[in-house]
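Chain by chain, the residues:
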Amino acid sequence: QAPAWCEMEYYELVTLEPDTKRDFSRRSPREKIIVVDGHCEISFGGAVLTGEYGTNVDLKSSDDFFSVATRDVSTTIVWMCGDWESETSSGIFTDSHGDPRDTMGDPVDYPKNTSFDRHYHDCDEYWVIIEGSGVVVSEGTHYEVEPGACLATGMGFHHDIAISNDPEFKGEW
């Protein structure tokens, strides 16, 4: 359940097998694709872009659909849809078990086994969990997360990866 302030209306973690193509119907005024594994071709608005790990595409065309095609490897993308006011930044983060004393973030009063830093921003932030499971903290609430989960944190609120249950915890923002 998304908070009332949330500008993201829909998201999906999509894995496509090798040599497949999927057509997507646009859902919102603003949409974004982030390639988090593999490589693909992204077609929209008459353009074809090559996507690989870290590729971030803001879909600006007025077309009603776009497509993603893979070749020789499976590919995973995050598809985000909403009505945010301006272009958004995004990227991929990883965190592994680490000594929480190594963090440069704000102090915590909860159990922690990662070196991820507790911090806040002057904008809203959305994390989509790609790999691993654990406990994340946002706005003072602890959430158990696994691949496919999304954490929405409002502007000015602290957030953190407190517990990683896996050797590698990976997400996208």
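Given the structure is predicted, the values throughout are model-derived calculations rather than measurements.

1. Quick word on the overall build of the chain
Check the secondary structure of the chain and you find zero helices and 15 strands. In terms of C-alpha radius of gyration, the chain reaches 17 Å, essentially the compact-globule figure of 16 Å for 173 residues. Its C-alpha atoms give the chain principal-axis dimensions of roughly 50 × 35 × 25 Å. Here the chain holds 173 residues, and 43% of them are scored as buried. For the chain, contacts bridging at least 24 residues in sequence account for 71% of all contacts bridging at least 6. In the structure as shown, the chain presents an accessible area of about 9100 Å², 47% of it carried by carbon and sulfur atoms.

2. Brief notes about the pattern of salt bridges
Scanning the model with the defined rule gives six salt bridges in all. Put simply, E12 and R22 hold a salt bridge, and the shortest N to O gap is 3.2 Å. Taken together, the residues E12 in strand β1 (residues 8-16) and R22 in strand β2 (residues 21-25) connect sequence positions ten residues apart. Notably, a salt bridge pairs D58 with K32, separated by 3.1 Å at the nearest N-O pair. In this pair, D58 sits in strand β6 (residues 56-59) while K32 sits in strand β3 (residues 30-37), placing the two residues 26 residues apart along the sequence. Its relative accessible area of 19% is what places D58 among the buried residues. Given the relative accessible area of 1%, K32 is considered buried.

3. Topic: the sheet that holds strand β13 (residues 150-153)
Where strands meet in a sheet, backbone hydrogen bonds hold them as pairs that are either parallel or antiparallel. The antiparallel open sheet is built from four strands, whose spatial order is β9-β15-β10-β13. Looking along the sheet, the strands with just one partner apiece sit at the ends: β9 (92-95) and β13. Direction aside, neighbouring strands of the sheet carry axes that sit 25 degrees apart on average.

4. A short note on the sheet that holds strand β12 (residues 141-145)
Spatial strand order, β12-β11-β14: three strands in an open sheet with antiparallel pairing. Each end of this open sheet is capped by a strand with a single partner; those strands are β12 and β14 (159-164). Within the sheet, the average angular offset between the axes of one strand and its neighbour, ignoring direction, is 25 degrees. As defined by bridge partners, strand β11 (residues 134-138) adjoins β12 across five bridges and the pair is classed as antiparallel. Residue pairing in the sheet places G134 in a bridge with V145 of β12.

Rules used throughout
- Residues numbered from 1 in each chain as written.
- Predicted model: local features only at pLDDT ≥ 70, side-chain atom pairs only at ≥ 80, totals over all residues.
- Heavy atoms only, no water.
- Helix = DSSP H or I, 4+ residues; strand = E, 2+ residues; numbered from the N terminus.
- Rg over C-alpha atoms; globule rule 2.2 N^0.38 Å.
- Buried < 20%, exposed > 50% of the residue type's maximum accessible area, 1.4 Å probe, protein only.
- Contact = heavy atoms within 4.5 Å.
- Areas by Shrake-Rupley, 256 points an atom, 1.4 Å probe, with all protein chains shown as cover.
- Salt bridge = Lys/Arg side-chain N within 4 Å of Asp/Glu carboxyl O.
- Pairing = 2+ DSSP bridges.
- Axes fitted to C-alpha atoms, helices over the stretch in contact; angles between N-to-C directions.

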